[in-house]
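One-letter residues, chain by chain:
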Amino acid sequence: LGCSREEVAVATNGVNGKELLQPILDRMFVTSNDHDHDHDNDRDQTIPLPGPIGVFPKVVPTIVRGTAEEAIEKVKQAYHAVAEREISVGDSLVICVLQKGRGCRTVRVPLKEH
């Protein structure tokens, strides 16, 4: 069996609510990074040409800017929005933050209040 991976800036996984969550995360993370660049002259932007057969060009950023705390707040906001609309999303969110030189930290966030 082979192993595959995809480099992306943000991604969702799991069953419940991911169709709602992915566009929210894209908007919060990827689009917010686009504002760091000058887009006044969009017509001058080039479209990447295909590379070798079987190799897809990178057309999406794979890194987001900001601090871990900013990312945690954005993820919490996104999950709260999805939890309001999708009843099958769980009652809490567990965020594991991995930082170089700092190890792993777990943040637990309640989503629904009954």
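Whatever comes next refers back to the structure up there.
Position labels on residues start from 1 in each chain and follow its written sequence. Thresholds applied to this predicted model are a pLDDT of at least 70 for local features of residues and 80 or more for the giving and counting of side-chain atom pairs; totals over whole chains, interfaces and linings are not thresholded and use all residues. Calculated side-chain values reflect all of the structure's heavy atoms, with hydrogen atoms and water omitted.

(A) Spatial organisation of the pattern of salt bridges. We define a salt bridge as a side-chain nitrogen of Lys or Arg found within 4 Å of a carboxyl oxygen belonging to Asp or Glu. All chains considered together, the criterion is met by 3 salt bridges. A salt bridge links Glu 73 to Lys 76, with the nearest nitrogen and oxygen atoms 3.1 Å apart. Taken together, the residues span about one helical turn, with Glu 73 and Lys 76 both in helix α2 (residues 68–85) at a distance of 3 residues. Accessibility here uses a 1.4 Å probe with only protein chains present; expressed as a share of the type maximum, an area under 20% marks a residue as buried, one over 50% as exposed, and anything in between as partly exposed. On the accessibility criterion, Lys 76 (21% relative accessible area) is partly exposed. Note on conventions: DSSP H or I runs of at least 4 residues are helices, E runs of at least 2 residues are strands, and numbering of each starts at the N terminus.

(B) Just the pairing of strand β1 (residues 92–99), in detail. Where β1 lies against strand β2 (residues 103–110), 8 bridges are found, and the strand directions are antiparallel. The residue bridging Leu 93 from the neighbouring strand is Val 109, located in β2. Being paired, for any two strands, means DSSP has found at least two bridges between them.

(C) Seen up close, the packing of aromatic side chains. Aromatic pairs are defined between Phe, Tyr and Trp rings, using the six-membered ring for Trp, whenever the two ring centres lie within 6.5 Å; interplanar angles under 30 degrees are classed as stacked, those over 60 as edge-to-face, and all others as tilted. All told, the structure shown has 0 aromatic pairs when counted by the stated rule. Only when the NZ atom of a Lys or the CZ atom of an Arg is both within 6 Å of the ring centre and within 35 degrees of the ring normal do we say a charge sits over the ring. The cationic tip of Lys 74 hangs over the ring face of Phe 29; the distance from NZ or CZ to the ring centre is 5.2 Å.

(D) Representation of the nonpolar core. Ranked by size, the top nonpolar core spans 18 residues in total, and within it Leu 25, Ile 95, Val 97 and Val 107 carry the most contacts. Within the residue set of this core, elements represented by two or more residues are α1 (18–34), α2, β1 and β2. In this structure, Leu 25 is in contact with Val 10, Ala 11, Thr 12, Val 30 and Ala 78, ignoring residues within four places of it in sequence. Nine residue types can take part in a nonpolar core, namely buried Ala, Val, Leu, Ile, Met, Phe, Trp, Tyr and Cys, and a core is a set of them joined through side-chain atoms within 4.5 Å. Throughout, a contact is declared for two residues whenever any of their heavy atoms are within 4.5 Å.

(E) Inspection of α2 at higher detail. One less than the residue count of a helix, multiplied by 1.5 Å, gives the span that helix is expected to have. Taking 1.5 Å per residue, 18 residues should reach 26 Å; α2 reaches 26 Å between its end C-alpha atoms and fits that length. Listed as buried for α2 are Ala 68, Ile 72, Ala 78, Val 82 and Ala 83. Projected onto a plane normal to the axis of α2, the buried residues spread over an arc of 135° and lie on a single side. Turned more than 90 degrees away from the buried face of α2, the exposed residues are Glu 84 and Arg 85. Throughout, the arc means the angular range of directions from the helix axis out to the C-beta atoms.

(F) Region of the structure containing the environment of Glu 19. As for its placement among the helices and strands, Glu 19 is situated in helix α1. For Glu 19, a relative accessible area of 58% translates into the label exposed. With 63 residues separating them in the primary sequence, Glu 19 and Val 82 have C-alpha atoms 9.5 Å apart.

(G) Spotlight on the state of the cysteines. When two cysteine sulfur atoms are found within 2.5 Å, that pair is recorded as a disulfide. A complete count under the given rule lists 0 disulfides for this structure. Cys 104 supplies the cysteine sulfur nearest to Cys 96, a cysteine that is in no disulfide, at a spacing of 5.0 Å.

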